[in-house]
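Below, each chain spelled out in residue letters.
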Amino acid sequence: MKIIKESQGGQSVAVTEQDMELINRLSRKKLGREEVYTFAVRLCDNEIDRDNERFPAQTLEQLAKLFVGRSGIFDHAWTAAGQTARIYRTEVVREKGQLTRAGDGLCYLKGYAYMVRTKANEDLIAEIEGGIKKEVSVGCAVARAVCSICGAKLGECVHEKGQEYGGKLCWAELEEATDAYEFSFVAVPAQRQAGVMKSRGMVYTKLSQLVMGHPRCAEELARLEKEAQAGRSYLSGLRREVVRLGALAESGLDTAVLQSITDKLEERELLELKQAFEGRTGARYAQEPQLSYAREEKKTSGNDGAFLI
């Protein structure tokens, strides 16, 4: 995510009495306005990100409550020494006239954070003001990731994030936020605008993350990914063939409907459907041979008997 640059706020935020009241609810001693530095951050939005995942607006509303009081750190390193700031207020902002790739109105979770001004963080404040430290990422937990194509839990259906089915992109809807951990200053965020990283505590969410630092495991994973890609290509071709045969067999189904059906089928079901359509197609387009070698010879009439030798 990145520091907000907008007419209403910009990087730094003017500290109001209301801000100080909220900040002092989190501090152990009563702080004065001159003791704190505040800034606004765009935590996450409801756009489809680089991981082909997104937070629906309802999840952003849930995260808004969970992020109040959470710390700002560096690179998701959970150490007390790395704590730099704390979020004291959040809001969900709607962008008028802008739509997400999913087709709904664009909105994002905006956080307001504060730091206590010290000698140690003078350079960090200068870097935030100068736009050097601006990309951030959040760590949070959600109850489930739902497939945008069929509505099932991702991993329990045949669809894969980033693939297209019937011209529709598959992504994960991250639903029911259960916890918020922190926001971190990072180099490369996941979301294009907010730079959000979703995680469940310290649990790895991708095999590629798990095999980092293990060359032999990474090599094995690369081989499996290559084989998986070949399998996906095979299934894609099989689905196209079933749709083609279904059209030839005049199954009574529209091609788009048939395509939607085959997208949900596994190999065994596709092969059975293919065999059924091939049977109907063969019967429908069977042709009489032009030459036949099994016909009975026509019996000659009695009048021709005299000419036979």
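Placed above this text is the structure.
All figures in this text were calculated on a predicted structure; none of them were measured in a lab.

Cut-offs and rules
Note that residues are indexed from 1 along each chain, following the sequence as it is written. Only residues with pLDDT of 70 or above have their local features reported here, since the model is predicted, and side-chain atom pairs are shown and tallied only from 80 upward, although totals for entire chains, interfaces and linings are computed over all residues. Remark: hydrogens and water are excluded; side-chain values derive from all non-hydrogen atoms of the structure. Nonpolar cores are built from buried Ala, Val, Leu, Ile, Met, Phe, Trp, Tyr and Cys residues. Side-chain atoms within 4.5 Å join them into one set. Each residue is placed in one exposure class: buried if its accessible area under a 1.4 Å probe, protein chains only, is under 20% of its type's maximum, exposed if it is over 50%, and partly exposed if it falls in between. Helix and strand assignments come from DSSP, with helices taken as H or I runs of at least 4 residues and strands as E runs of at least 2, each series counted from the N terminus. In this description, contact between two residues means that some pair of their heavy atoms is separated by no more than 4.5 Å. What the arc measures is the spread of directions leading from the helix axis to the C-beta atoms. Residues form patches when they are more than 30% accessible in relative terms and have no salt bridge. Like charges link within 9 Å. Nonpolar side chains (Val, Leu, Ile, Met, Phe, Trp, Tyr) link within 5 Å. Using a 1.4 Å probe, accessible areas were evaluated by the Shrake-Rupley method; residue-level cover was limited to the displayed protein chains. Whenever Lys or Arg places a side-chain nitrogen within 4 Å of a carboxyl oxygen from Asp or Glu, that contact is recorded as a salt bridge. For this analysis, a ring pair means two rings from Phe, Tyr or Trp (six-membered ring only for Trp) whose centres lie within 6.5 Å, classed as stacked if their planes differ by under 30 degrees, edge-to-face if by over 60, and tilted for the remaining angles. By definition here, charges over rings are those cases where NZ of Lys or CZ of Arg is within 6 Å of the ring centre and within 35 degrees of the ring normal. Should DSSP find at least two bridges between two strands, the strands are regarded as paired. Put simply, the grid is 1 Å and covers the protein atoms alone, a cavity is a trapped set of points that fit a 1.4 Å probe, a pocket is an open set with protein on both sides within 12 Å along at least five of seven lines, and lining residues have an atom within 4 Å of a point. Grid points are joined across faces, edges and corners, and a volume is the space filled by probe spheres set on the points. For this classification, the nonpolar set comprises Ala, Val, Leu, Ile, Met, Phe, Trp, Tyr, Cys and Pro, the charged set comprises Asp, Glu, Lys and Arg, and every other residue, Gly included, is treated as polar. Angles here are taken between N-to-C directions and fall from 0 to 180 degrees, while the axes themselves are lines fitted to C-alpha atoms, restricted in helices to the stretch in contact. Each crossing gets its hand from how the near helix is turned against the far one by less than a right angle, where anticlockwise is left-handed and clockwise is right-handed.

Section: the nonpolar core
Step number 1: In this structure, Phe39, Leu43, Leu109 and Phe183 are the most contacted members of the largest nonpolar core, which totals 31 residues.
Step number 2: Top contributing element to this core by residue count: strand S9 (residues 172-185), with 6 residues.
Step number 3: Dropping the residues within four chain positions of it, Leu109 is found in contact with Val41, Arg42, Leu43, Cys44, Leu60, Leu63, Ala64, Phe67, Thr90, Glu91 and Val92.
Step number 4: Grouped together as the second largest cluster of nonpolar side chains are 10 residues, Val15, Leu31, Ala40 and Tyr114 included.

Concerning helix H2 (residues 57-66)
For an α-helix the count is 3.6 residues per turn, leaving residues at separations of three or four pointing the same way.
Step number 1: Within H2, burial applies to Thr59, Leu60, Leu63 and Ala64. For H2, the angular spread of buried residues about the axis comes to 150°, placing them on one side. When the buried face of H2 is taken as reference, the exposed residues oriented beyond 90 degrees from it are Gln58 and Lys65.
Step number 2: On its buried face, H2 sits against strand S1 (36-45), strand S4 (85-99), strand S5 (105-116), strand S6 (136-147) and S9.

A word on a nonpolar patch on the surface
Step number 1: A cluster of nonpolar side chains, Leu253, Val257 and Ile261, forms an exposed patch at the surface whose accessible area comes to about 220 Å².
Step number 2: Structurally, the position occupied by Leu253 is in the loop between helix H5 (215-248) and helix H6 (255-262).
Step number 3: Judged by relative accessible area, Leu253 falls into the partly exposed class, the value being 43%.

Quick notes on the packing of aromatic side chains
The description of two aromatic rings rests on the distance between their centres and on the angle between their planes.
Step number 1: For the structure on display, the rule yields 3 aromatic pairs.
Step number 2: Three or more aromatic residues joined by ring pairs make a cluster, and in this case those are Tyr88, Tyr112 and Tyr114.
Step number 3: Residue placement shows Arg42 over the ring face of Tyr108; its charged tip is 4.2 Å from the ring centre.
Step number 4: Directly above the aromatic system of Tyr112 lies the positively charged group of Arg89, at a separation of 3.8 Å from the ring centroid.

Examining the pairing of S9
Step number 1: Sheet topology places strand S2 (residues 53-54) next to S9; 2 bridges connect them, and they run parallel. Along S9, the bridge assignment pairs Arg54 with Glu173.
Step number 2: Pairing of S6 with S9 involves 11 bridges; the strand directions are antiparallel. Within the sheet, the bridge partner assigned to Cys140 lies in S9 and is Ala180.

What about the layout of surface pockets?
Step number 1: For the second largest pocket, the calculated volume is near 190 Å³.
Step number 2: Ile149, Tyr165, Gly166, Lys168 and Ser260 are the residues nearest the centre of the second largest pocket, which is lined by 13 residues in total.
Step number 3: Here the lining of the second largest pocket gets 3 residues from one element, more than from any other, and that element is H6.
Step number 4: Looking at side-chain class alone, the lining of the second largest pocket contains 5 nonpolar, 5 polar and 3 charged residues.

Re the side chain of Thr262
Step number 1: Mapped onto the fold, Thr262 is located in helix H6.
Step number 2: Sequence-distant contacts of Thr262, that is, excluding residues within four places in its chain, are made with Arg239, Val242, Val243 and Leu270.

Focus on the pairing of S4
It is a general feature of regular strands that their side chains alternate between the two faces of the sheet.
Step number 1: Examined bridge by bridge, S4 and S5 share 9 bridges and lie antiparallel to one another. When the bridges of S5 are listed, Val92 appears paired with Leu109.
Step number 2: Between S4 and S5, which pair antiparallel and follow one another directly, the connecting turn spans 5 residues, one of which, Gly103, has a positive phi of 100°.

A short note on the pattern of salt bridges
Step number 1: Within the structure shown, the criterion is met by 20 salt bridges.
Step number 2: Ionic pairing is found between Glu21 and Arg25, a salt bridge with its closest N-O pair at 3.3 Å. Remark: Arg25 and Glu21 occur in helix H1 (residues 17-26); sequence separation between them is 4 residues, near one turn of the helix.
Step number 3: The partner of Glu176 in a salt bridge is Arg144, and the shortest N-O contact between them spans 2.8 Å. Of this pair, Glu176 sits in strand S9 while Arg144 sits in strand S6, and the two are 32 residues apart along the sequence.

Looking at the packing of H5 against H6
Step number 1: Interaxial distance between H5 and H6 falls to 10 Å at its minimum, and their mutual angle equals 145°. Note that H5 runs across H6; the crossing there is right-handed. Residue-level inspection shows Arg239, Val242, Val243, Gly246 and Ala247 of H5 in contact with H6, the latter providing Thr255, Leu258, Gln259 and Thr262.
Step number 2: Across the contact of H5 with H6, the residue classes break down as 4 nonpolar, 4 polar and 1 charged.

By themselves, these observations are geometric and do not establish any function.
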